[in-house]
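# Report on the structure
The chain contents come next:
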Amino acid sequence: MEYYGTLGPACGSVQTLKEMLAAGMTGVRLNLSHGDLEENGHWIRMVQEAGRELHSQVQILMDLRGPELRLGRFKEEIQAEEGSWLVLGDGGLPVPEEALAYVCPGDRILIDDGKVELEAEAGAAPSASGCRIMARVVRGGLIKSGKSLAIEGKAVPMPTLTESDRKNIREAVSYGITGVMLPFVRNKEDLLVLREALKEAGAGEIQVFAKIENMQGVEAIKELLPYCDHVVIARGDLGNAMPLWKLPGVQKRLARECREAGKPFMVVTQMLDSMHERAVPTRAEVLDIYNAVLDGASSLMLTGETAAGSYPAQAVEYLVNTGEEALRDMEEA
Ligand SMILES: Nc1ncnc2c1ncn2[C@@H]1O[C@H](COP(=O)(O)OP(=O)(O)O)[C@@H](O)[C@H]1O
Ligand SMILES: C=C(OP(=O)(O)O)C(=O)O
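Criteria and cut-off values
Residues numbered from 1 in each chain as written. Chains lettered and ligands numbered in written order. Predicted model: local features only at pLDDT ≥ 70, side-chain atom pairs only at ≥ 80, totals over all residues. UniProt positions renumbered as here; feature names shortened; annotations may be inferred. Helix = DSSP H or I, 4+ residues; strand = E, 2+ residues; numbered from the N terminus. Expected span 1.5 Å × (residues − 1). Contact = placed C-beta atoms within 7 Å. Axes fitted to C-alpha atoms, helices over the stretch in contact; angles between N-to-C directions. Parallel < 35°, antiparallel > 145°, perpendicular 65-115°, else oblique. Left-handed = near helix turned anticlockwise from the far one by under 90°. Nonpolar A, V, L, I, M, F, W, Y, C, P; charged D, E, K, R; others polar. Near = placed C-beta within 6 Å. Core = buried A, V, L, I, M, F, W, Y, C linked by C-beta atoms within 7 Å. Buried ≥ 20, exposed ≤ 12 C-beta atoms within 10 Å, placed from the backbone. Domains from an automatic or database assignment.

The protein chain is annotated in an unreviewed UniProt entry as Pyruvate kinase of Enterocloster hominis. The record held by UniProt for the protein chain lists under Catalytic activity (unreviewed entry) the comment "pyruvate + ATP = phosphoenolpyruvate + ADP + H(+)".

### Some remarks on helix α5 (residues 188-200)
Taking 1.5 Å per residue, 13 residues should reach 18 Å; α5 reaches 18 Å between its end C-alpha atoms and fits that length. At its buried positions, α5 is contacted by α4 (163-171), β11 (179-182), β12 (207-212) and α7 (221-224). Positioned one or two residues after α5, Gly202 has a phi angle of 70 degrees, which is positive.

### Examining the packing of helix α1 (residues 14-22) against helix α12 (residues 312-332)
Where α1 meets α12, the closest approach of the two axes is 8 Å, and the angle between their N-to-C directions is 10 degrees. Considered as vectors, α1 and α12 are oriented roughly parallel to each other. Classified by chirality, the crossing of α12 by α1 is right-handed. Touching Thr16, Glu19 and Met20 of α1 are Pro312, Ala313 and Val316, all from α12. Class assignment for the residues of the contact of α1 with α12 results in 4 nonpolar, 1 polar and 1 charged.

### Details of the site of ligand 2
In the neighbourhood of ligand 2, 13 residues make up the surrounding shell, with Ala234, Gly236, Asp237, Val268 and Thr269 lying closest. Tallying contributions element by element places helix α8 (residues 235-238) first for the shell around ligand 2, with 3 residues. Of the residues in the shell around ligand 2, the class split is 3 nonpolar, 6 polar and 4 charged.

### Considerations on the nonpolar core
Considering soluble globular proteins, one finds that nonpolar side chains tend to be buried as a cluster. Ranked by size, the top nonpolar core spans 72 residues in total, and within it Val180, Ala210, Val232, Ile233, Met266, Leu300 and Leu319 carry the most contacts. What Ile233 contacts, discounting residues up to four positions off in sequence, is Ile212, Leu238, Gln251, Leu254, Phe265, Met266, Val267 and Val268.

### Thoughts on the domain arrangement of the protein chain
One can read the domain layout of the protein chain as domain 1 (2-68 + 158-332) and domain 2 (78-151). Relative placement of domain 1 and domain 2: their C-alpha centres are 28 Å apart. Contact with domain 1, which involves 8 residues of that partner, is made by 7 residues of domain 2. Residue composition of the side of domain 1 that touches domain 2, by class: 1 nonpolar, 5 polar and 2 charged.

Dropping the structure here:
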């Protein structure tokens, strides 16, 4: 069983990383949506140093940008109040033009895994005079730079890899990357494009993790399985693609497909979300971890809990101890 933590400011010291490894973490994930390999290289070196000191082999995953939609960069966080209006695009919230062109009147726009929800202004044309529309805040909250973005029910056509993905792939071997995650995998062609780029970079040995994050990926799961080494059930974005009460059923269905094909799979996102701010998780969270192991997950991963939370080492401890308990119970049963 592999246990991953996402790297971020909250665990950016050799000491904290050693505590996480001592608690049973076996690998880390670097989310390249927040900066490329060169900018984040210091974190990888810290992980390698922590691993050397504890004599542990650490898996290092890089999570590409891929065809994922995200807000652009901006300095000041925005407190979006329910009922207020926001400008999207030119002079306002930096939304990629490819996405703006797809927004129609009445569309729901989900930011940061749906924490903030907007409704596009009635009357906004699909092309919206190129690059600017108004949206009303339906569910308010804090909007931070670089957060995920989705137009409910719409698939915006995007290339498989960005230019920065290709650069990061070329540098992957020199940083000791062991696995690469591709977000929003839609079809087998996405995985073939990634495999080809890895091969060209002399990185054909790096493991490919296919992140299933929307309905296109869910529907294509059978077709995708032969072209990846691992499937990632990425519940953050996947939860944006359907009413949340449908997510458990979809997670179980993906897990069953993977089990039947003998494909290892990872379950990720909000496994211990309350541990952003609390040292002890909820009962529901530990049960979620336990159930994922019972369903056959080969790896589990923490995201914001380790990248930006107040208790990164404690979160790893709960993840690992609960996962190992589930494995023991399965053996005894
Ligand atoms: N490489 C990084 N550099 C700076 N901050 C990061 C990095 N990776 C993660 N974070 C912070 O931790 C948060 C949670 O990480 P993650 O779940 O990977 O991102 P997101 O929620 O944006 O997909 C991010 O939103 C960001 O604030
Ligand atoms: C892990 C996920 O992806 P990201 O953190 O890149 O949004 C997710 O959506 O569950």
